[in-house]
Structure formats: structure tokens, C-alpha cells
Amino acid sequence: MGLAEEISAVRSGSGHAGRLLGEFRRTALLVPLSEGDGGGLMSGGLGGVRWIYAFTDEEALARFAVARGAGAREWEYLSILGARLVDAVIPTVDGPTGVAVDVADEDGSMLFPPVVGIVPDAYAVDAEPDRADVS
């Protein structure tokens, strides 16, 4: 089962969070590059969190482009494993950062927030302080 199918299963109540996260980490996601700011990864902010936009396939990215009123232009994107996105990219971003997958698909989108178990603990908003540093 692919990531889009795992998202659908979880959203319908028949999926498993562990399988979803595993599939997310194994999937090559398409992440659009921003125009005008040096080609960084396209993202948006909501609720104090930076959300990197990622898509399971070109069709999902195209639906996002159309929803933004920019379906006629060519979109450059990076193909990156979900694991690499959360383990290597998110630590380079200032502030809490998660991944928003297939955000133009009302019934097929999924957020992977900056919490323990998804992003490295040092970048998770819910991580407990290291007890060894407590005096």
C-alpha cells in the first residue's frame, strides 16, 4: 500500500498510525520549490508551525497548483524521501516545522506535525527537556 492509500485508511478509521508513519518515511515525496526566494522549499505557516508542502505524486501537486490559481505555470520540485525531509531538512529550519502532504486533497491530506516520533526529538514541540540537564 502506498502513502496515499495509508492516509486514506487512517482517515477512514481502518489504518494504523505506525504503518502510516513508516510509509511516509519510505515514500519519495515531491516538494515544490518557492519562486523568488532562492528556490527554497515551498511552505506555509499556520498555528505557529511552518508546514513544508509535499505531494505523493505529480497529480496531487497539479491539484495544489490549480487550487492556488497557478496551474498554467511550470512548477519545479524536489523529490525527497519523507525520512530525509524530517531527519535532515527540518533541523535546518528555524522554528517548529512539520510536513503537510497532499494539502489540496480535502479527503486525502495529512499533516505530520513537529512532535516526538515524527521529527527528531530536539525539534519536536512536545519533547520533554533532557532530565540530565535539570539540577
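Residues numbered from 1 in each chain as written. Predicted model: local features only at pLDDT ≥ 70, side-chain atom pairs only at ≥ 80, totals over all residues. Heavy atoms only, no water.

Before we go on, may I ask you to explain the side chain of Glu6 in this structure?
Inspection of the secondary structure puts Glu6 in helix α1 (residues 3-12). Put simply, Glu6 is tucked away with no salt bridge, and the nearest opposite charge, on Arg19, sits 4.1 Å away. (Helix = DSSP H or I, 4+ residues; strand = E, 2+ residues; numbered from the N terminus. Buried < 20%, exposed > 50% of the residue type's maximum accessible area, 1.4 Å probe, protein only. Lys, Arg positive; Asp, Glu negative; His and termini not counted. Salt bridge = Lys/Arg side-chain N within 4 Å of Asp/Glu carboxyl O.)

I keep staring at the environment of Val115 and nothing clicks. Help me out?
Along the chain, Val115 falls in the segment after β6 (110-112). Along the sequence, Val115 and Ile7 sit 108 residues apart, while their C-alpha atoms lie 18 Å from each other. Ignoring any residue separated from it by four or fewer positions in sequence, one finds Val115 in contact with Ala124, Val125 and Asp126. (Contact = heavy atoms within 4.5 Å.)

What's the story with the nonpolar core in this structure? I'm lost.
The nonpolar side chains of a soluble globular protein tend to be buried with one another. Ranked by size, the top nonpolar core spans 20 residues in total, and within it Phe24, Leu85, Val99, Val101 and Phe112 carry the most contacts. Counting residues per element, the ones that place at least two in this core are α1, α2 (17-26), β1 (28-32), β3 (49-54), α4 (82-89), β5 (97-101) and β6. It is α4 that contributes the most residues to this core, 3 residues altogether. The contact partners of Phe24, leaving out residues within four places of it in the chain, are Leu3, Leu29, Gly82, Ala83, Val86, Val99, Val101 and Phe112. Counting 13 residues, the second-largest nonpolar core is a separate cluster that includes Met42, Trp51, Leu61 and Ala65. (Core = buried A, V, L, I, M, F, W, Y, C linked by side-chain atoms within 4.5 Å.)

I'm lost on the sheet that holds β6 in this one. Help?
Sheet strands associate in pairs through backbone hydrogen bonding, adopting either a parallel or an antiparallel arrangement. With mixed pairing, the 4 strands of this open sheet are ordered in space as β2-β3-β5-β6. Both outer strands of the open sheet, β2 (43-46) and β6, are each paired with one neighbouring strand and no more. When strand polarity is set aside, the average angle formed by the axes of neighbouring strands in this sheet is 30°. Sheet topology places β5 next to β6; 3 bridges connect them, and they run antiparallel. Along β6, the bridge assignment pairs Val101 with Met110. (Pairing = 2+ DSSP bridges. Axes fitted to C-alpha atoms, helices over the stretch in contact; angles between N-to-C directions.)

Before we go on, may I ask you to explain the pairing of β2 in this structure?
Where β2 lies against β3, 4 bridges are found, and the strand directions are antiparallel. If you follow Gly44 over to β3, its bridge partner there is Trp51. Two successive antiparallel strands, β2 and β3, enclose a turn made up of 2 residues, where Gly47 displays a positive phi of approximately 65°.

Where do I start with the confidence of the model for the chain in this structure?
Summary statistics for the chain give a mean pLDDT of 92 and a share of 93% for residues scoring 70 or more. Predicted confidence in the chain is weakest over β2, with a mean pLDDT of 94, and strongest over β1, with 98. Across residues 131-135, where pLDDT falls below 50, the model places 0 contacts with residues more than four positions away in sequence or in other chains. (pLDDT = per-residue confidence, 0-100.)

Mind showing me how you'd approach the side chain of Thr56 here?
Within the secondary structure layout, Thr56 lies in the loop between β3 and α3 (58-67). In this structure Thr56 comes out as buried when scored by relative accessible area, which is 19%. Side chain to side chain, Thr56 and Asp102 meet in a polar contact 2.7 Å long. In contact with Thr56, other than residues within four places in its own chain, are Leu3, Ala4, Leu29, Val101 and Asp102. (Polar contact = N/O pair within 3.5 Å; in protein donor to acceptor, adjacent residues only side chain to side chain.)

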